Amino acid sequence: MAKGRLNPIGLIRGRGRVYWRIFKALRTFFPMMNDWRKGRYRPLPKKALGLMALTIVYVVSPIDLVPDFIPFWGLLDDLVIGGWLLAKLDEELDGYRRWRASANTPAA
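Analysis parameters
Residues numbered from 1 in each chain as written. Predicted model: local features only at pLDDT ≥ 70, side-chain atom pairs only at ≥ 80, totals over all residues. Heavy atoms only, no water. Helix = DSSP H or I, 4+ residues; strand = E, 2+ residues; numbered from the N terminus. Expected span 1.5 Å × (residues − 1). Buried < 20%, exposed > 50% of the residue type's maximum accessible area, 1.4 Å probe, protein only. Arc of directions from axis to C-beta. Core = buried A, V, L, I, M, F, W, Y, C linked by side-chain atoms within 4.5 Å. Contact = heavy atoms within 4.5 Å.

Peer 1: Break down helix H2 (residues 46-60) for me, citing the residues and quoting the values.
Peer 2: Compared with an ideal rise of 1.5 Å per residue, which puts 15 residues at 21 Å, H2 spans 21 Å between its outermost C-alpha atoms and is within 8% of the ideal. Among the residues of H2, Ala 48, Leu 51, Met 52, Thr 55 and Tyr 58 are the ones counted as buried. End-on view of H2: buried residues confined to an arc of 135 degrees, all on one side of the axis. Residues of H2 that are exposed and angled more than 90 degrees away from the buried face: Lys 46, Val 57 and Val 60.

Take a look at the structure:
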């Protein structure tokens, strides 16, 4: 491919890991909150809770870097920032994943 040309397939392949982390974060966060609510998992990771709250507020709020009334760019802004925050959230959920894996292994 010529230098300087946009390769959409390469962009998608290169971002696959980020998309997987976003999916993994969403798939783990809600069971973690359920386990915390039922008292099975302590302590509550405040940074993870803050990142999820910030993501929701940023995506829903009309006040952000690129206003939502600007076609395409407003939505793209929400997707990029929200995705970045969810990828950061995935890093904060490793402790819960370890706890869950050790809770599911039978005692010897």
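Peer 1: Hey, could you go over the nonpolar core for me, with residue numbers and the actual values?
Peer 2: Ranked by internal contacts, the top residues of the largest apolar core, which has 15 residues, are Phe 29, Met 32, Met 33, Met 52, Leu 86, Leu 89 and Leu 93. If you list the elements that add at least two residues to this core, you get helix H1 (8-37), H2 and helix H3 (73-92). Looking at which element gives the most residues to this core, the answer is H1, with five residues. Those residues in contact with Met 52 that lie beyond four places of it in its chain are Leu 26, Phe 29, Phe 30, Leu 86 and Leu 89.

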